[in-house]
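One-letter residues, chain by chain:
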Amino acid sequence: MNVEHPASRPLTPGSADAVDHRMHRDTAVQEAALRSGWSHRHRDVSGGWLRPTVFGAVDGLVTNASLIAGVGGGGGTTHAIVLTGLAGLVAGAFSMGTGEYISVTNQNELVHAEVAVERRMHEQFPEAERAELAETFRGYGADPQVAAQMAEAVSRDPVMALRLHTRDELGLDPDDLPSALLAGLASLSAFSVGALLPLLPYLVGFPNLVAALAIAAVALVVGGMVVGRLTGRPLLRAGVRQLLLGGVAVAVTFVVGHLIGAVPS
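Note that this is a predicted model, so its numbers are computed, not measured. (Residues numbered from 1 in each chain as written. Predicted model: local features only at pLDDT ≥ 70, side-chain atom pairs only at ≥ 80, totals over all residues. Heavy atoms only, no water.)

Draft legend 1. Structural context of the UniProt feature "transmembrane region" (unreviewed entry) in the protein. When the UniProt feature table is mapped to this numbering, "transmembrane region" (unreviewed entry) covers residues 180–203, 209–231 and 243–263. End C-alpha to end C-alpha, residues 180–203 measures 33 Å, and it is 88% helix and 0% strand. A distance of 30 Å separates the end C-alpha atoms of residues 243–263, which is 95% helix and 0% strand. (UniProt positions renumbered as here; feature names shortened; annotations may be inferred. Helix = DSSP H or I, 4+ residues; strand = E, 2+ residues; numbered from the N terminus.)

Draft legend 2. How the structure looks around the environment of phenylalanine 254. With respect to the helices and strands, phenylalanine 254 occurs in helix α10 (residues 235–262). Given the relative accessible area of 34%, phenylalanine 254 is considered partly exposed. As for phenylalanine 254 and serine 66, which are separated by 188 residues in sequence, their C-alpha atoms are 7.0 Å apart. Setting aside its immediate chain neighbours within four residues, phenylalanine 254 contacts Ala69, Gly70, Gly73 and Leu209. (Buried < 20%, exposed > 50% of the residue type's maximum accessible area, 1.4 Å probe, protein only. Contact = heavy atoms within 4.5 Å.)

Draft legend 3. Seen up close, a negative patch on the surface. Among the surface-exposed residues, Glu132, Glu135, Asp168 and Glu169 lie close enough to one another that they form a single negatively charged patch. For the negative patch, the secondary-structure elements that each account for two or more residues are α4 (126–139) and α6 (158–170). When you line up the elements, glutamate 169 lands in helix α6. Judged by its relative accessible area of 39%, glutamate 169 falls in the partly exposed class. (Patch = residues over 30% accessible without salt bridge, like charges linked within 9 Å, V, L, I, M, F, W, Y side chains within 5 Å. Areas by Shrake-Rupley, 256 points an atom, 1.4 Å probe, with all protein chains shown as cover. Salt bridge = Lys/Arg side-chain N within 4 Å of Asp/Glu carboxyl O. Lys, Arg positive; Asp, Glu negative; His and termini not counted. Charge placed at Lys NZ, Arg CZ, Asp CG, Glu CD.)

Draft legend 4. Highlighting a nonpolar patch on the surface. On the surface, Trp49, Leu50, Leu182, Val218, Val222, Val226 and Leu230 cluster together to form a nonpolar patch covering roughly 550 Å² of accessible area. A total of four residues in the nonpolar patch trace back to one element, the largest contributor, which is helix α9 (residues 209–231). Its place among the elements puts valine 222 in helix α9.

Draft legend 5. Up close: the side chain of serine 66. Along the chain, serine 66 turns up in helix α2 (residues 50–73). Judged by its relative accessible area of 9%, serine 66 falls in the buried class. Setting aside chain neighbours within four positions, we find serine 66 in contact with Ala249, Val250 and Thr253.

Draft legend 6. Examining the pattern of salt bridges more closely. Enumeration according to the criterion identifies two salt bridges in this entry. With a closest N to O distance of 2.8 Å, glutamate 127 and arginine 130 form a salt bridge. Of this pair, glutamate 127 and arginine 130 both sit in helix α4, three residues apart, which is roughly one turn of the helix. Put simply, glutamate 152 and arginine 130 hold a salt bridge, and the shortest N to O gap is 3.4 Å. Separated by 22 residues along the polypeptide, glutamate 152 in helix α5 (residues 144–155) and arginine 130 in helix α4 bring together distant segments of the chain. Residue glutamate 152 is classed as partly exposed on the basis of its relative accessible area, which comes to 34%. A network of salt bridges, in which partner residues are shared, links Glu127, Arg130 and Glu152.

So this is what it looks like as structure tokens:
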């Protein structure tokens, strides 16, 4: 009497055995890929620190380099340059930090308000929301029956259903919003560091405008290359681009200061 081994029987698509078989196969495929170097680890792109840090550092550097160039080009004394630079550092740092904190806070509050609207729609019109979710899955390529089953399964968990709806409709995850405090502190700190660099020659007893602008130029190139490293862009191109953009602001301010300083009082 021949007894057919369970593993030798064909699997019926959609059966529990077929689903279990696919899960084991997918797990084996992923484990093999991991051994070969496959990875889905990504850097944090939504934590709210990179943009305010880069923006703050560049803004502080360009702002204070331009202020120093303008006052120095107009014939200002060392005392006037230091006073202008320190005032620009403090005022700009708090302005940047406060503005970044408020803007991120307002953005997050707007997202939460829209999530609240979506939550009310789920409570009042669950069938319509389930149908909308099924339509979303069909847009991803699922056939109507599978899309309806997926929507039904997801809708059993109101929290997950709400999260999927908001991610699809708002384009972001309401549980992964940037920190307003982190963004504000990052912007304030970065601006302070950037604004301090062109002031260093004056603060250490070497009051030289050329040295200050040279430090600013090197910092712009290095900063651009660091950002290029983070974003995967060509390092030299990123550094030169930042130098050119910052250099225009400094040059224009220097010329304006020089012209105003040349006018007899």
